[in-house]
Amino acid sequence: MDMLTVLPSNFGYAIFTYLYSWIMLGYLAVKVGGARKTFDVKYPTMYSDTHQVFNCIQRAHQNTLEVYAQWLVFQTIAALVYPLSAAVLGAIWVTSRFSYAWGYYTGDPSKRMYGAYGYIGYFGVIFLSISVALQLLGVY
């Protein structure tokens, strides 16, 4: 079976959202690597006892990784039925992770909330996934 005939025609937008998320994760990882050099935090140490800014940079990356797997699952389920909506919601979530990180990078953890708008994208794909599940179960 040809994959292009199985996937919805707009699924390409969702694929671009995945690529965008890959760029975002790479950026966050590079920032942690740079901070390790700047603050002299050697591997495998995860957090510094003396450098709050390093910890904020590390946390921005770590927190994103903590939710990334769930986002991928819900993003994919939603995109299989609602590819354009899922792509928009996914782009909102990915963009918010930059805002979240840039706020955190200031060293003031409360500024991570600059990325709070990402909940629109995150919960949006969860709600779309619930819709897909209900449709598959014949509830509506």
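Residues numbered from 1 in each chain as written. Predicted model: local features only at pLDDT ≥ 70, side-chain atom pairs only at ≥ 80, totals over all residues. Heavy atoms only, no water.

The chain goes by Glutathione S-transferase 3, mitochondrial in an unreviewed UniProt entry, where it is assigned to Pagothenia borchgrevinki. In UniProt, the chain has this text filed under Subcellular location (unreviewed entry): "Mitochondrion outer membrane". UniProt annotates the chain under Sequence similarities (unreviewed entry) with the comment "Belongs to the MAPEG family." (UniProt positions renumbered as here; feature names shortened; annotations may be inferred.)

### Some thoughts on a nonpolar patch on the surface
On the surface, a cluster of nonpolar side chains totalling about 880 Å² of accessible area is made up of Tyr 119, Phe 123, Phe 127, Ile 130, Leu 134, Leu 137, Val 139 and Tyr 140. Its relative accessible area of 57% is what places Val 139 among the exposed residues. (Patch = residues over 30% accessible without salt bridge, like charges linked within 9 Å, V, L, I, M, F, W, Y side chains within 5 Å. Areas by Shrake-Rupley, 256 points an atom, 1.4 Å probe, with all protein chains shown as cover. Salt bridge = Lys/Arg side-chain N within 4 Å of Asp/Glu carboxyl O. Buried < 20%, exposed > 50% of the residue type's maximum accessible area, 1.4 Å probe, protein only.)

### Description of the UniProt feature "transmembrane region" (unreviewed entry) in the chain
Feature annotation in UniProt assigns "transmembrane region" (unreviewed entry) to the following positions: residues 12-30, 71-94 and 114-137. Its end C-alpha atoms 27 Å apart, residues 12-30 is made of 100% helix and 0% strand. Secondary structure across residues 114-137 comprises 79% helix and 0% strand; the distance between its end C-alpha atoms is 38 Å. (Helix = DSSP H or I, 4+ residues; strand = E, 2+ residues; numbered from the N terminus.)

### Section: the side chain of His 61
Position of His 61 relative to the elements: it lies in helix α3 (residues 52-81). Ignoring anything within four residues of it in the chain, the contact list for His 61 reads Leu 25, Leu 28, Ala 29 and Val 32. (Contact = heavy atoms within 4.5 Å.)

### Here we look at α3
Taking 1.5 Å of rise per residue, 30 residues should cover 44 Å, and α3 covers 43 Å from first to last C-alpha, within 8% of that figure. At Tyr 68, α3 shows its strongest bend, of approximately 40°. (Expected span 1.5 Å × (residues − 1). Bend = angle between axes of the 7 residues up to and from the residue.)

### Some thoughts on the packing of α3 against helix α4 (residues 83-104)
Across the interface, α3 lies against α4 with an axial gap of 10 Å and an inter-helix angle of 175°. Here α4 runs roughly antiparallel to α3, going by the angle between their axes. Every residue of α4 that contacts α3 at Cys 56, Arg 59, Ala 60, Asn 63, Thr 64, Val 67, Tyr 68, Trp 71, Gln 75, Ala 78, Ala 79 and Val 81 is listed here: Pro 83, Ala 86, Ala 87, Gly 90, Trp 93, Val 94, Arg 97, Tyr 100, Ala 101 and Tyr 104. Looking at the contact of α3 with α4, its residues break down into 16 nonpolar, four polar and two charged. (Axes fitted to C-alpha atoms, helices over the stretch in contact; angles between N-to-C directions. Parallel < 35°, antiparallel > 145°, perpendicular 65-115°, else oblique. Nonpolar A, V, L, I, M, F, W, Y, C, P; charged D, E, K, R; others polar.)

### Some remarks on the environment of Leu 65
Of note, Leu 65 is situated in helix α3. On the accessibility criterion, Leu 65 (39% relative accessible area) is partly exposed. Along the sequence, Leu 65 and Phe 98 sit 33 residues apart, while their C-alpha atoms lie 13 Å from each other.

### Focus: the environment of Leu 25
Along the chain, the position of Leu 25 falls in helix α2 (residues 11-39). Accessibility expressed as a relative area gives 15% for Leu 25, which makes it buried. For the pair formed by Leu 25 and His 61, sequence separation is 36 residues and the distance between their alpha carbons is 7.6 Å.

### Considerations on the nonpolar core
As a rule of thumb, soluble globular proteins bury nonpolar side chains together. If you look at the biggest cluster of nonpolar residues, it comprises 30 residues, and the most contacted ones within it are Met 24, Ala 60, Trp 71, Trp 93, Val 94 and Tyr 105. Mapped by element, the contributors of at least two residues to this core are α2, α3, α4 and α5 (118-136). (Core = buried A, V, L, I, M, F, W, Y, C linked by side-chain atoms within 4.5 Å.)

### Here's the deal with the pattern of salt bridges
In the structure shown here, the tally under the stated rule is two salt bridges. In this structure, Lys 42 engages Asp 40 in a salt bridge whose closest nitrogen and oxygen atoms are separated by 2.7 Å. Just as Lys 42 is exposed, Asp 40 falls in that class too. The residue Glu 66 makes a salt bridge to Arg 59 at a minimum N-O spacing of 3.0 Å. What makes Glu 66 partly exposed here is its relative accessible area of 39%. With relative accessibility at 23%, the residue Arg 59 sits in the partly exposed group.

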